[in-house]
Amino acid sequence: MGAETMTIDRFNIYKKPLLQGGSLVVGWQSADLGKVGMTIMDDLIEGLACEPVADIDPLDFFPFDGADFRSNLVQVPEARFWASEENNILLFKSDEPSQQHYQFLTSVLDFASEICNINKVYTINAVPSMITHMQSRKILTVYNREGLRDELQEYDDVENMEWEGPPAISSYLLWVARRRGLDGISLWPEIPFYLSALEDPGAIRTTMLFLNQRLFLPFDLELLESRDDELVQKMARLREQNTEINELLDKIENEVALNEQEQMTLTQEVYRFMN
Amino acid sequence: MGVILHKNLRLESPQLICSWPGIGNIGTLAVSTLRTQLDAQSFGEIEPWDFFEPRKVVVKDGLLEELVFPASTFYHRNLGGQDLIFFTGEEQPHGDGRLYASGEVALKMADMVLDTAEQHGCRRVYTSGACVSAVHHETKPRVVAVASSESMLAEMKRIPNLVLMSEIGEGAGDGVITGLNGLLLAAAKKRGIEAVCLMGEIPDWLSRTPFPYPRAARSVMEAFAVILGTEVSFDFLDRQTEEVDKIINGLYQQFPPDVKELYEQRRSLSQPGPISREEADWMKEHLDDFLKSLGDEQDGGGDDDDRPV
């Protein structure tokens, strides 16, 4: 059941970082609700002065049958490791593969555990919720070893996930990690559903606070707090200008469920206003 | 990538009986029912992750308890001194998004099944599937055989209600068996292993619906009972047939009258064959929109809360 032979030609390795018993933090670029995964990865890369250490060769895992573009820019699938030796942390910022998922996830853990001596894996995700941007964000967690439950109970705003259904790639990664004896925790901060396509600094801040505490990171949360304040102020202006939106947000605050049309209206209006 | 064997069995020239899902799930229904009745016991499986994506995750109180993949399982039963290996795949591996297995991934699975069978001394393989035919849904489906050798064909011809592919149409026994139920035959023949595919007839229009067709699975199971020289109960498949017949007849009642009239002529055909080009065109013209509307109804109404975790 253990690790299979590592295929070294799957990687372009720029540096073998000196890490010992460190943590791997994974963020997925695809379906990144609230831009939680990518913002945290970018903030960590910059804030901890991480350097790129390796790429996974995308050829086996992504379809090369054309070029995707976003905002007029051609996109190339990314699957890159970054490291901060000082903070004993490895980051993996990646698109979700579209084929050979098991081999891809195995490659991620091959590099992390065999080259970088990582023994814990964290994934950053987000889950839409019927809350407003004024409410505190809980982090729902999935973990891959019974003993991690007690460890997670020590943190504020953390709740255990209940789920039976299609697996996300993060759950698949945790499962592969468990087969190799690696601990894994997926973090699913709640985001107000209407911020799914926008950045949710509240969820990002809550998640970053958890990572700071859990991984002893020195990440400065001040900038995130000011981004959250900015969002709150903008939303306050929207509420003033738009009575319908104000009423819909009132409903959520009073725990009245919105119907599908109301959810759509709120999401569209917030998106329009924020852009 | 590999086969995990939970038991070390010493078998004597076992016969291998395989099935993967396909049209009407005829092979799967027949083989699984037979396996269950004979109380065959699981002794191994093919590791799924190189072939399949996980279907489901179970997270309870935060703990990732289980990741569920489609199973590909080997079973064994000694039946009156005769060793039998059953292999059932819950899905066909389809790396390129097709319903049926093809290409490298399909060959890999076929090889793994045959490697395991050969390790246990197997020299004969059966697969099972569907033969799309111009039959009426209330007539008893025949079993159509394709084999790896003339001697196997001669042997199969002794089975009641079984015909060779060349006996049922214009194609002189030419055709293609799609997916692993066919591919395994070719892979077996290449290794010098005897191989037969037993296909239950299914009416053309039903081959494009999502329903199982237990009526044909019964015919295939009857053939297996003769081959294995054993008695089996058909109660389960008969009950399923009753249930599915209700749905089929409900649909049939909605056929346009001119289609019904032509279709009813099939009852009197003594030797209905595979679908000719003309029949296929006719069916397409008259029933495609109708069947598509059924498919749309089936596809709709998905669960809103099906986000992956």
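Only a predicted model underlies this, so the values are computations on that prediction, with no experimental measurement involved.

A. Region of the structure containing the overall build of chain B. Summing up its helical and strand segments, chain B has eight helices and eleven strands in all. A burial count over chain B gives 51% of its 309 residues as buried. Counting only contacts in chain B whose residues sit at least 6 apart along the sequence, the fraction spanning at least 24 positions is 76%. Working note: accessible area of chain B is about 14,300 Å², and carbon and sulfur atoms make up 48% of it.

B. Region of the structure containing the pairing of strand β4 (residues 56-60) of chain B. Looking at chain direction, strand β12 (residues 163-165) of chain A and β4(B) are connected through three bridges and run antiparallel. Its bridge partner lying in β4(B), A:Glu164 is registered against B:Val58. Where β4(B) lies against strand β5 (residues 63-68) of chain B, five bridges are found, and the strand directions are antiparallel. Each bridged residue has a counterpart across the sheet, and for B:Val59 the counterpart in β5(B) is B:Leu64. Where β4(B) folds back on β5(B), the antiparallel hairpin that results is connected by two residues, among which B:Asp61 adopts a positive phi of roughly 50°.

C. Representation of the interface of chain B and chain A in the model. In this assembly, 25 residues from chain B lie in contact with 28 residues from chain A. For the pair chain B and chain A, the summed buried surface comes to about 2,500 Å²; carbon and sulfur atoms form 58% of the total. Taken as a group, B:Trp49, B:Leu64 and B:Val309 account for 27% of the area that chain B buries against chain A, more than any other trio of residues on that side. Taken together, chain B and chain A are joined by two salt bridges. One salt bridge connects A:Glu164 with B:Lys56, and the closest N-O pair in it is separated by 3.1 Å. Of all elements in the fold, only β4 and β5 of chain B reach the threshold of two or more residues within the side of chain B that touches chain A. Each residue belonging to the side of chain B that touches chain A can be placed in one class, and the counts come to twelve nonpolar, one polar and twelve charged.

D. Quick peek at the domain arrangement of chain A. Residues and elements named next belong to chain A. Per the domain assignment, the segments of chain A are domain 1 (3-223) and domain 2 (227-274). Interface of domain 1 and domain 2: buried area, both sides summed, is about 1,600 Å²; carbon and sulfur atoms make up 71% of it. Three residues, Met-130, His-133 and Tyr-194, lead the burial of domain 1 against domain 2; their summed loss comes to 33% of the area buried on that side. Salt-bridge contacts for Asp-43 lead to Arg-227; the nearest nitrogen and oxygen are separated by 3.4 Å. If you look at where domain 1 meets domain 2, you find three residue pairs in polar contact (both at pLDDT 80 or more). Broken down by secondary-structure element, the contributors of at least two residues to the side of domain 1 that touches domain 2 are α1 (36-47) and α5 (201-215). Residue composition of the side of domain 1 that touches domain 2, grouped by class: ten nonpolar, five polar and three charged.

E. The arrangement of a nonpolar patch on the surface in detail. Residue and element names in this part refer to chain A. A cluster of nonpolar side chains, Phe-69, Val-74 and Val-76, forms an exposed patch at the surface whose accessible area comes to about 350 Å². In this structure, Phe-69 sits in strand β4 (residues 68-70). For Phe-69, a relative accessible area of 60% puts it in the exposed group.

F. Summary view of the packing of helix α2 (residues 103-119) of chain B against helix α4 (residues 180-190) of chain B. Residue and element names in this part refer to chain B. Two elements in contact, α2 and α4, have axes whose closest approach is 9 Å; the angle formed by their N-to-C orientations is 60°. If you check the angle between α2 and α4, you find them oblique. Handedness of the α2/α4 crossing: right-handed. Residues Ala-106, Leu-107, Met-109, Ala-110, Val-113 and Leu-114 of α2 lie in contact with α4, whose contacting residues are Leu-180, Leu-183, Leu-184, Ala-187 and Ala-188.

Thresholds applied
- Residues numbered from 1 in each chain as written.
- Chains lettered and ligands numbered in written order.
- Predicted model: local features only at pLDDT ≥ 70, side-chain atom pairs only at ≥ 80, totals over all residues.
- Heavy atoms only, no water.
- Helix = DSSP H or I, 4+ residues; strand = E, 2+ residues; numbered from the N terminus.
- Buried < 20%, exposed > 50% of the residue type's maximum accessible area, 1.4 Å probe, protein only.
- Contact = heavy atoms within 4.5 Å.
- Areas by Shrake-Rupley, 256 points an atom, 1.4 Å probe, with all protein chains shown as cover.
- Pairing = 2+ DSSP bridges.
- Buried area = accessible area lost by both parts, 1.4 Å probe.
- Salt bridge = Lys/Arg side-chain N within 4 Å of Asp/Glu carboxyl O.
- Nonpolar A, V, L, I, M, F, W, Y, C, P; charged D, E, K, R; others polar.
- Domains from an automatic or database assignment.
- Polar contact = N/O pair within 3.5 Å; in protein donor to acceptor, adjacent residues only side chain to side chain.
- Patch = residues over 30% accessible without salt bridge, like charges linked within 9 Å, V, L, I, M, F, W, Y side chains within 5 Å.
- Axes fitted to C-alpha atoms, helices over the stretch in contact; angles between N-to-C directions.
- Parallel < 35°, antiparallel > 145°, perpendicular 65-115°, else oblique.
- Left-handed = near helix turned anticlockwise from the far one by under 90°.

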